[in-house]
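Descriptive analysis of the structure
What follows is the residue order along each chain.
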Amino acid sequence: MYDAIVAGGGHVVPIAEAEALVWLEPRHADRLEDMLDANEHIGWVQLPFAGIEPFVHLINSDRLWTCGKGIYAEPVAELALCLALAGMRGLGSYARATRWTGESGRNLIGSNVTILGGGGISQAMLRMLEPFGCHVTVVRNHVEEMEGADVVLAAERYVDALAGADLVVLALPLTAETEEMISLTELEMMEKHAWLVNVARGKHIVTDDLVWALQNGVIGGAALDVTHPEPLPDDHPLWSLPNCIITPHVGATLEMGDPLLAARITKNVHLFAHDEPLQGVVDPDLGY
Ligand SMILES: NC(=O)c1ccc[n+]([C@@H]2O[C@H](COP(=O)([O-])OP(=O)(O)OC[C@H]3O[C@@H](n4cnc5c(N)ncnc54)[C@H](OP(=O)(O)O)[C@@H]3O)[C@@H](O)[C@H]2O)c1
């Protein structure tokens, strides 16, 4: 990341002399808070992840904040597609089987897909879904036409987009509005065969409700890259459900993500030095 700053035309200096701070520690907001309290002159902070919930209480309009939103989109969308296919085609059960079993699974091809979130991950997924000929509904805050989406709905109508979907993908930030947005009520609105893929944050879903829904056939299954709690404890019931697939928050591994973050840092340092608008700016009011 030192090289990334230099490549953008910046100099790495002691914080007392710095105009901007590149913060690479994704948690421990307390350390960042202490550092900013002691260095009020810092005008711009670059955060490492797309999700900024550990830092959201520090973010206001006193200084500019940018994060990694959008940069991890391709690898995360690839995993979302992989989880969707694995779930819908029954790979979770087949991979666990120890003998020849019967037919199961549904096509992603030609299916109805709902994506909650219309940012980087959603846009990358729309591109990847194109050859599957799906009917795609995207739900987002700012409704506008999106290439590859058949319908774009406003955030407050997300419940309308659950019924009729064969696949529901969560790809949106964790905010006060989106925390626990999928509880038993919403799961019951989904189709009995539908798969829920979560590559966003575990807290979007009420975990106990999901466990009940999976145990009782309320939905077809869930494929989760993120969970609440996270890491998921060893004895958690989700591990043993045949209609649940879990990956350990690997949408973008460090190996995949670091070059993408470095490129964002280089770009933003260059833009900052030329007084141009930065990429991945956090809106203090929206919280993402
Ligand atoms: N699994 C992983 O490894 C991994 C990796 C990266 C990110 N993530 C998670 O994925 C999230 C999304 O990442 P991204 O890069 O796609 O972020 P992004 O580019 O900031 O996109 C976020 C999208 O969510 C929409 N949104 C915000 N509030 C909403 C609501 N209440 N209902 C519906 N849509 C809403 C926004 O709408 P507008 O555009 O209309 O404002 C935006 O389109 C991140 O915040 C992070 O938590 C996970």
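I will try to describe carefully the structure that is included in this document.

Analysis parameters
Residues numbered from 1 in each chain as written. Predicted model: local features only at pLDDT ≥ 70, side-chain atom pairs only at ≥ 80, totals over all residues. Heavy atoms only, no water. Helix = DSSP H or I, 4+ residues; strand = E, 2+ residues; numbered from the N terminus. Expected span 1.5 Å × (residues − 1). Buried < 20%, exposed > 50% of the residue type's maximum accessible area, 1.4 Å probe, protein only. Near = heavy atom within 4 Å. Polar contact = N/O pair within 3.5 Å; in protein donor to acceptor, adjacent residues only side chain to side chain. Areas by Shrake-Rupley, 256 points an atom, 1.4 Å probe, with all protein chains shown as cover. Nonpolar A, V, L, I, M, F, W, Y, C, P; charged D, E, K, R; others polar. Phe/Tyr/Trp six-rings, centres within 6.5 Å; stacked < 30°, edge-to-face > 60°. Salt bridge = Lys/Arg side-chain N within 4 Å of Asp/Glu carboxyl O. 1 Å grid on protein atoms, 1.4 Å probe; cavity = no way out; pocket = protein on both sides within 12 Å on 5 of 7 lines; lining within 4 Å. Points joined across faces, edges and corners; volume = space filled by probe spheres on them. Pairing = 2+ DSSP bridges. Axes fitted to C-alpha atoms, helices over the stretch in contact; angles between N-to-C directions. Core = buried A, V, L, I, M, F, W, Y, C linked by side-chain atoms within 4.5 Å. Contact = heavy atoms within 4.5 Å.

The subject of this paragraph is helix H3 (residues 73-88). Count 3.6 residues to each turn of an α-helix, and residues three or four apart come out pointing the same way. Compared with the 22 Å implied by 1.5 Å per residue over 16 residues, the 22 Å span of H3 between its first and last C-alpha is a close match. Counting buried residues along H3, 12 of its 16 residues qualify, which places the element largely inside the surrounding structure. Along H3, the positions that sit buried rather than exposed are Ala73, Pro75, Val76, Ala77, Leu79, Ala80, Leu81, Leu83, Ala84, Ala86, Gly87 and Met88. Within two residues after H3, Gly90 carries a phi angle of roughly 80 degrees, on the positive side.

As a further point, take the site of the ligand. Close contacts around the ligand come from 27 residues, with Gly70, Gly119, Arg140, His142 and Tyr288 the closest. Arg201 is positioned such that a nitrogen or oxygen atom in its side chain is 3.4 Å from an oxygen atom of the ligand. Separating an oxygen atom of the ligand from a side-chain N or O atom of Tyr288 is a distance of 2.5 Å. Here the ligand loses 92% of its free accessible area of 940 Å² to cover by the protein chains. At the level of secondary structure, the elements contributing two or more residues to the shell around the ligand comprise helix H5 (120-129) and strand E5 (135-140). In terms of residue class, the shell around the ligand is built from 12 nonpolar, 11 polar and four charged.

Let us now look at the packing of aromatic side chains. Tallied over the entire structure, the rule returns one aromatic pair. Their ring planes at 35 degrees and their centres at 4.9 Å tell us that Trp44 and Phe272 sit as a pair that is tilted. With Trp44 in strand E2 (residues 44-46) and Phe272 in helix H8 (residues 254-273), this residue pair connects regions lying 228 residues apart in the sequence. For Phe272, a relative accessible area of 29% corresponds to the partly exposed category.

Where charged atoms from two side chains of opposite charge approach closely, those side chains can pair. Under the counting rule described, the total for this entry stands at three salt bridges. Linking Arg201 and Glu53 is a salt bridge whose minimum nitrogen-to-oxygen distance equals 2.5 Å. Here Glu53 lies in the loop between E2 and strand E3 (64-66) and Arg201 lies in the loop between strand E8 (195-198) and helix H7 (207-215), a separation of 148 residues in the sequence. Take Arg201: its relative accessible area is 18%, and that puts it in the buried class. Arg127 is the partner of Glu74 in a salt bridge, and the nearest nitrogen-oxygen pair spans 2.6 Å. With Glu74 in helix H3 and Arg127 in helix H5, this pair connects stretches of sequence that are 53 residues apart.

Approximately 480 Å³ is the volume found for the second largest pocket. Lining the second largest pocket are 19 residues, and of these Ile5, His11, Val12, Ala18 and Ala20 sit closest to its centre. If you list the elements that add at least two residues to the lining of the second largest pocket, you get strand E1 (20-22) and H8.

Strand order in the open sheet made by the three strands is E1-E2-E3, with parallel pairing throughout. The open sheet is flanked by E1 and E3, the only strands paired with a single partner. Averaged over all adjacent pairs, the angle separating strand axes in this sheet is 10 degrees, with direction ignored. Summarising the sheet, E1 and E2 pair through three bridges and their orientation is parallel. Along E2, the bridge assignment pairs Leu21 with Val45.

One water molecule sets the probe size; rolling that probe over the atoms shows where empty space is left. Tallied over the full model, the rule gives one cavity of 30 Å³ or more. Taken as a whole, the largest cavity encloses approximately 60 Å³ of empty space. The residue makeup of the lining of the largest cavity, split by class, is five nonpolar, five polar and no charged.

Moving on: the nonpolar core. Of all hydrophobic cores here, the largest spans 42 residues; its most connected members are Leu108, Ile115, Leu129, Leu167 and Val197. Elements that contribute at least two residues to this core include exactly helix H1 (2-7), H3, strand E4 (112-116), H5, E5, strand E7 (167-170), E8 and H8. Considering each element in turn, this core owes the most residues, 10 residues, to H3. Excluding its chain neighbours within four sequence positions, the residues that come into contact with Ile115 are Ser122, Met125, Leu126, Leu129, Val136, Thr137, Val138, Val139, Val169 and Ala171. Membership of the second largest hydrophobic core comes to 31 residues, among which are Leu116, Val168, Ala194 and Ala213.

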